[in-house]
Amino acid sequence: EDKVVQSPLSLVVHEGDTVTLNCSYEVTNFRSLLWYKQEKKAPTFLFMLTSSGIEKKSGRLSSILDKKELFSILNITATQTGDSAVYLCVSSGYALNFGKGTSLLVTP
Amino acid sequence: DGGITQSPKYLFRKEGQNVTLSCEQNLNHDAMYWYRQDPGQGLRLIYYSQIVNDFQKGDIAEGYSVSREKKESFPLTVTSAQKNPTAFYLCASDIGHLHQPQHFGDGTRLSIL
C-alpha cells in the first residue's frame, strides 16, 4: 500500500530558527514528490521534486529528494511568524498520496 | 486572474439533507478533484474527473456524488448517506498529468446542525 509519512507532526520554534521537515514515502511507480504550504485555506504549491540530489530553492525555503532512501526534506532558514502553517508532502505515483502534514508554529 | 472558486465558504447541513458544494475553475484544466480534510489527517480523495462526463471514485467516495457536465465545473453532493460529513472540503485541478502540481480552491467547511 502506498504511503507518505511526515515527521514531526507538529513543531514549535522561535523566529530566526532553522527547521527541517521530513517526508518518507513508499509509492508504486513513483513520479514526483511535491511540497505544499497550507495556512487557513488552500494549499499553495512550494516545490516539485523528480530527481535525486538536486536541491530546489526559493528564498529561505529549500527542498531535496533522495530516491534511494525514499525521503525528502524541506528546510526553512531564519523562520518568520508568517511561516506558521501546515506543510504537506505529496507523492505522485499511480495516484496522489498525501501525508498528514507537519504543523509548524513560529513564535515571535 | 485564473483560479479555482469554491462556494460557499461555510455550509451547515441538517440531518438527512443533501447539500451540494460548488467548484469552478477558469484554468482550462482537464482534471478536477475533491478532497476531504479532517483535523490531524492528510487530504483524502473523494472523487476525481480527468475529462468532461467522466469521473472516478477515490478512496472515500461512499456517501458522496459528483457530476462533470462542463470542463469548468465539478460540484460535489454530500448525501444523507454520508454519516460523518463534518469536515473541510477542498477542490483542486491540474492539467491531467499526475506529476504536475495541483491548484486548490479555498475550501468549504461543512458542519452538521
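Residues numbered from 1 in each chain as written. Chains lettered and ligands numbered in written order. Predicted model: local features only at pLDDT ≥ 70, side-chain atom pairs only at ≥ 80, totals over all residues. Heavy atoms only, no water.

Asks: Even after reading the chapter, I still don't get the overall build of chain B, so can you show me in this structure?
Replies: From N to C terminus, chain B includes zero helices and eleven strands. Reading the secondary structure of chain B in the N-to-C direction produces β-β-β-β-β-β-β-β-β-β-β. Whereas a compact globule of 113 residues would reach a radius of gyration of roughly 13 Å, chain B reaches 13 Å, a difference of no more than 12%. Considering only C-alpha atoms, chain B reaches an extent of 35 × 25 × 25 Å along its principal axes. A total of 113 residues make up chain B; the buried ones form 47% of that total. (Helix = DSSP H or I, 4+ residues; strand = E, 2+ residues; numbered from the N terminus. Rg over C-alpha atoms; globule rule 2.2 N^0.38 Å. Buried < 20%, exposed > 50% of the residue type's maximum accessible area, 1.4 Å probe, protein only.)

Asks: Mind showing me how you'd approach the overall build of chain A here?
Replies: The number of helices and strands found in chain A is zero helices and eleven strands. In chain A, the succession of α and β elements from N to C terminus is β-β-β-β-β-β-β-β-β-β-β. Against the compact-globule benchmark of 13 Å for 108 residues, chain A has a radius of gyration of 13 Å, which places it among compact chains. Principal axes of the C-alpha set define a box for chain A whose edges measure 40 × 25 × 20 Å. Here chain A holds 108 residues, and the buried ones make up 44% of them. Nonlocal contacts in chain A, meaning residues at least 24 apart in sequence, comprise 54% of its contacts between residues at least 6 apart. Of the roughly 5300 Å² of accessible surface on chain A, a fraction of 51% belongs to carbon and sulfur atoms. Where the 11 positive side-chain charges of chain A centre and where its 10 negative ones centre are 5 Å apart. (Contact = heavy atoms within 4.5 Å. Areas by Shrake-Rupley, 256 points an atom, 1.4 Å probe, with all protein chains shown as cover. Lys, Arg positive; Asp, Glu negative; His and termini not counted. Charge placed at Lys NZ, Arg CZ, Asp CG, Glu CD.)

Asks: In this structure, what is going on with the state of the cysteines? I would like to understand it.
Replies: A covalent bond bridging the sulfur atoms of two cysteines is what the word disulfide describes. Residues and elements named next belong to chain B. Following the criterion strictly, the structure yields two disulfides over all chains and no others. What pairs with Cys-23 in a disulfide is Cys-91, and their sulfur atoms sit 1.9 Å apart. Because the torsion about its S-S bond is -75 degrees, the bridge between Cys-23 and Cys-91 counts as left-handed. In this pair, Cys-23 is assigned in strand E3 (residues 19-25) and Cys-91 in strand E9 (residues 87-94), connecting sequence segments 68 residues apart. (Disulfide = S-S within 2.5 Å.)

Asks: I tried to follow the interface of chain B and chain A on my own but got confused; where do I start?
Replies: One frequently used descriptor of interface size is the decrease in accessible area upon assembly of the parts. With 17 residues of chain B at the interface, the matching set in chain A holds 20 residues. Buried area between chain B and chain A, both sides added, is near 1500 Å², and the carbon and sulfur share of it is 63%. Viewed at the interface, chain A and chain B are joined by zero salt bridges. Broken down by secondary-structure element, the contributors of at least two residues to the side of chain B that touches chain A are strand E4 (31-37) and E9 of chain B. Its residues assigned to classes, the side of chain B that touches chain A shows seven nonpolar, eight polar and two charged. (Buried area = accessible area lost by both parts, 1.4 Å probe. Salt bridge = Lys/Arg side-chain N within 4 Å of Asp/Glu carboxyl O. Nonpolar A, V, L, I, M, F, W, Y, C, P; charged D, E, K, R; others polar.)

Asks: Could you clarify how one ought to interpret the environment of B:Thr5 in this entry?
Replies: All names here are of chain B. Position of Thr-5 among the secondary structure elements: in strand E1 (residues 4-7). Note: C-alpha distance between Thr-5 and Gly-105 (100 residues apart in sequence) is 5.5 Å. Setting aside its immediate chain neighbours within four residues, Thr-5 contacts Ser-22, Cys-23 and Glu-24.

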